[in-house]
Amino acid sequence: MMSVAVEGEALAELVRAVAERQDQTAFVALFEYFGPRVKGFLMRQGAIESEAEDLAQDVMLTVWRKAAQFDPGKAAVSTWIFTIARNRRIDVLRRERRPEPDAEDPMLVGEPEPSAEAHMATAQVQVRIRDAMATLPPEQAEVLTLSFYEDIPHSEIAERLGIPLGTVKSRLRLAFRKVRALVGEELA
Amino acid sequence: MTVKHHPSEALLIAYAAGHLGEGLSLLVATHLTLCPHCRAAVAEAEAVGGAMMDTVAPVAMGADALSVLGRLDRPEAGAGAPPPVTRRRPASSPARAAPQGIALPAPLRGYVQDLSAARWQWVSPGVRQLDLMHRPKGRDTAKLLRIAPGRVLPEHGHTGLELTVVLQGSFTDEQGRFTRGDLAELDSDVNHQPIADSGEECICIIGTEAPLRFSGLVPRMVAPMLGF
């Protein structure tokens with residue numbers, strides 16, 4: 001099996017082939033890798049199978065259409081597709097808008113530290129994030145995972161785990177800081 | 001201008017995961033516009049989401065899934081790829097000056113264009129509000145508030161999360177002093193009473209996860225007017 005870093009770069013190459021040449025073979029490869037993952041992710045978030053199937057197809061179609069917007073210097077392919085799936089889910093299943101900052105906004109207060117955003121999310125760093133997550137204490141990994149998978153407020157996660165809301169928030173703070181620190185350390 | 005009060009990691013993660021309602025997301029997006037530090041944190045939380053997308057148990061697509069190939073049209077031309085965290089919206093209008101010359105961050109301009117032309121509702125002496133989304137009950141809310149200097153927002157508690165972002169002026173409550181860009185995050189069962197404490201009107205946006213409840217007699221009369 002390819003190392004995950006190589007895999008990440010190979011995925012970025014596939015997106016580029018779609019963007020530059022409308023390469024259908026590359027798209028099929030992306031579809032076969034990400035389709036089942038997007039579907040699994042959506043089902044993990046509570047979507048029923050037919051819903052998840054339709055939405056995963058919709059997400060992959062968006063990948064085809066927006067391939068030229070993918071910037072490998074900014075994010076790994078899996079992160080880019082995660083954000084597409086998240087936004088399509090809010091749009092289609094929840095029927096809401098998702099307010100986001102606009103990079104062109106004259107009001108936008110600029111970047112003092114280009115390092116974090118520019119370096120963090122590339123294909124190689126994605127591997128470090130995975131490694132960092134694997135080193136988290138189980139109770140921190142649990143709340144971090146539930147925060148992404150479960151579409152419920154943190155207060156409900158607290159109830160489910162039988163711990164106070166403050167504990168959920170402090171575990172998340174520790175987990176997130178540890179992931180950021182481990183990745184930052186290796187970059188330095 | 002330095003932002004001093006930031007969202008918790010838990011809130012930034014919930015936003016990155018896509019698990020905040022539209023109202024609270026609007027509050028976070030407004031803060032993010034004014035805080036590059038938290039934008040970087042959200043980008044990192046999205047990378048964590050990407051790592052989870054990589055490692056989730058895949059579920060096989062239906063047998064005819066690749067029929068999607070028949071629907072492939074020409075991809076959009078890629079003029080200056082926008083980053084994934086800041087999905088470009090259709091041509092946002094230029095920042096317009098509001099009554100006091102306050103310019104609205106782009107996320108808010110999707111809901112209100114001109115503060116002086118908007119229909120503000122009276123809440124209490126020196127306090128007016130503008131509902132930004134007319135929502136069915138049970139969803140989160142977002143409202144703009146204008147609080148005259150020295151005035152106090154009616155004391156209130158709330159059943160869910162309450163967020164406030166200052167756009168102009170400042171207020172002080174039990175947690176400290178909040179100025180432009182600062183985000184106040186209050187969990188349920190916290191009562192607080194912000195007071196506009198500078199010489200100019202305080203304009204802030206306030207969002208709640210669930211209906212606010214007011215304590216005290218006068219606030220109980222005010223609550224229905226606020227429509228919380």
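Keep in mind that this is a model prediction, so the values were computed, not measured.

Undergrad: So what about the pattern of salt bridges? Which residues, and what values?
TA: Using the criterion set out here, one finds 24 salt bridges over all chains in the structure. Across the pair D105 of chain A and R109 of chain B runs a salt bridge whose closest N-O atoms are separated by 3.6 Å. Taken together, the positions of D105 of chain A in the loop between α4 (77-92) and α5 (114-120) and R109 of chain B in helix α4 (residues 106-109) put the pair across two chains. Assigned by exposure class, D105 of chain A and R109 of chain B land together as buried. Between K169 of chain A and D187 of chain B there is a salt bridge, with its nearest N and O atoms 3.3 Å apart. Of the two residues, K169 of chain A is situated in helix α9 (residues 165-187) and D187 of chain B in the loop between β8 (183-186) and β9 (195-196); the pairing between them involves two chains. For D187 of chain B, a relative accessible area of 25% gives the class partly exposed. A cluster of three or more residues bridged by salt bridges with shared partners is formed by R86, R98 and E100 of chain A together with E46 of chain B.

Undergrad: Before we move on, can you summarise the UniProt feature "domain: RNA polymerase sigma-70 region" (unreviewed entry) in chain A with the specific residues and values?
TA: In the numbering adopted here, UniProt assigns the feature "domain: RNA polymerase sigma-70 region" (unreviewed entry) to residues 30-98 of chain A. For residues 30-98 of chain A, the end-to-end C-alpha separation is 26 Å, with 70% helix and 0% strand making up the annotated structure.

Undergrad: I'd like a description of the sheet that holds β8 of chain B, backed by residues and values.
TA: Residue and element names in this part refer to chain B. Spatial strand order, β1-β2-β3-β10-β5-β8: six strands in an open sheet with antiparallel pairing. The two strands at the open ends of the sheet, each matched to only one other strand, are β1 (121-124) and β8. In this sheet, neighbouring strand axes are inclined to one another by 25° on average, regardless of whether the strands run parallel or antiparallel. Two strands pair when backbone bridges link them, and strand β3 (residues 141-147) and strand β10 (residues 202-208) are joined in this way by seven bridges, in the antiparallel orientation. Looking across to β10, one finds that A142 is bridged to G207. Helix-sheet contacts for helix α2 (residues 22-34) involve β3, β5 (162-168), β8 and β10, and the interaxial angle to β5 is about 40°.

Undergrad: Help me get a handle on the packing of aromatic side chains, residues and values and all.
TA: The full count for this structure, using the stated rule, is eight aromatic pairs over all chains. Aromatic pair Y33 of chain A and F34 of chain A: ring centres 4.7 Å apart, planes at 85°, arrangement edge-to-face. Per residue, the accessibility class of Y33 of chain A equals that of F34 of chain A, and both read buried. A connected cluster of aromatic rings, assembled from ring pairs, spans F41, F82, F148 and Y149 of chain A. Positioned over the ring face of Y33 of chain A is R37 of chain A, at 3.9 Å from the centre of the ring. For R146 of chain B, the ring lying beneath its charged end belongs to W120 of chain B, and the centroid distance is 4.8 Å.

Undergrad: Please give an account of the sheet that holds strand β7 (residues 176-178) of chain B that cites residues and values.
TA: All names here are of chain B. Reading across from one edge, β7-β6-β9 is the order of the three strands in this open sheet, with antiparallel pairing throughout. At either margin of the open sheet sits one strand with a lone partner, and together these are β7 and β9. One ladder, built from three bridges, connects strand β6 (residues 171-173) with β7; its direction is antiparallel. By the bridge assignment for β7, D173 is matched with G176.

Undergrad: Residues and numbers for the UniProt feature "domain: RNA polymerase sigma factor 70 region 4 type" (unreviewed entry) in chain A, please.
TA: UniProt marks residues 128-178 of chain A with the feature "domain: RNA polymerase sigma factor 70 region 4 type" (unreviewed entry), using the numbering shown here. Strand forms 0% of residues 128-178 of chain A and helix 80%; the C-alpha atoms that close the span are 12 Å apart.

Undergrad: For the packing of helix α7 (residues 138-149) of chain A against helix α8 (residues 154-161) of chain A, give the residues involved together with the corresponding values.
TA: All names here are of chain A. Viewed as axis vectors pointing N to C, α7 and α8 meet at an angle of 130°, and their least axial separation amounts to 11 Å. Classified by the angle between their axes, α7 and α8 sit oblique to one another. Both α7 and α8 take part in a crossing whose hand is right-handed. Residues E142, V143, L146 and S147 of α7 pack against H154, I157 and L161 of α8. Its residues assigned to classes, the contact of α7 with α8 shows four nonpolar, two polar and one charged.

Undergrad: Account for the interface of chain B and chain A, naming residues and giving values.
TA: Bring the parts together and some accessible area is lost; that lost area is often taken as the interface size. Facing 82 residues of chain B, the contacting portion of chain A comprises 85 residues. Buried surface at the junction of chain B and chain A, both sides included, amounts to about 7900 Å², of which 61% is carbon and sulfur. Linking chain B with chain A are 28 residue pairs in polar contact (both at pLDDT 80 or more). Secondary-structure elements contributing two or more residues to the side of chain B that touches chain A are α1 (9-17), α2, α3 (36-55) and α4 of chain B. A total of 18 residues in the side of chain B that touches chain A trace back to one element, the largest contributor, which is α3 of chain B. In the side of chain B that touches chain A, the residues fall into 47 nonpolar, 15 polar and 20 charged.

Undergrad: With reference to specific residues and values, describe the side chain of Q168 of chain B.
TA: Structurally, the position occupied by Q168 of chain B is in strand β5. Polar contacts involving the side chain of Q168 of chain B include one to the main-chain carbonyl oxygen of E201 of chain B, which spans 2.8 Å.

Undergrad: Tell me what's going on with the nonpolar core, and back it up with residues and numbers.
TA: If you look at the biggest cluster of nonpolar residues, it comprises 101 residues, and the most contacted ones within it are I129 and L144 of chain A together with L132 and L144 of chain B. Here this core spans two domains, since at least three of its residues come from each of domain 1 (4-97) and domain 2 (117-185) of chain A. In this structure, V123, L145, L153 and A184 of chain B belong to the second largest nonpolar core, which totals 13 residues.

About the cut-offs
Residues numbered from 1 in each chain as written. Chains lettered and ligands numbered in written order. Predicted model: local features only at pLDDT ≥ 70, side-chain atom pairs only at ≥ 80, totals over all residues. Heavy atoms only, no water. Salt bridge = Lys/Arg side-chain N within 4 Å of Asp/Glu carboxyl O. Helix = DSSP H or I, 4+ residues; strand = E, 2+ residues; numbered from the N terminus. Buried < 20%, exposed > 50% of the residue type's maximum accessible area, 1.4 Å probe, protein only. UniProt positions renumbered as here; feature names shortened; annotations may be inferred. Pairing = 2+ DSSP bridges. Axes fitted to C-alpha atoms, helices over the stretch in contact; angles between N-to-C directions. Contact = heavy atoms within 4.5 Å. Phe/Tyr/Trp six-rings, centres within 6.5 Å; stacked < 30°, edge-to-face > 60°. Lys NZ or Arg CZ within 6 Å of the ring centre and 35° of its normal. Parallel < 35°, antiparallel > 145°, perpendicular 65-115°, else oblique. Left-handed = near helix turned anticlockwise from the far one by under 90°. Nonpolar A, V, L, I, M, F, W, Y, C, P; charged D, E, K, R; others polar. Buried area = accessible area lost by both parts, 1.4 Å probe. Polar contact = N/O pair within 3.5 Å; in protein donor to acceptor, adjacent residues only side chain to side chain. Core = buried A, V, L, I, M, F, W, Y, C linked by side-chain atoms within 4.5 Å. Domains from an automatic or database assignment.

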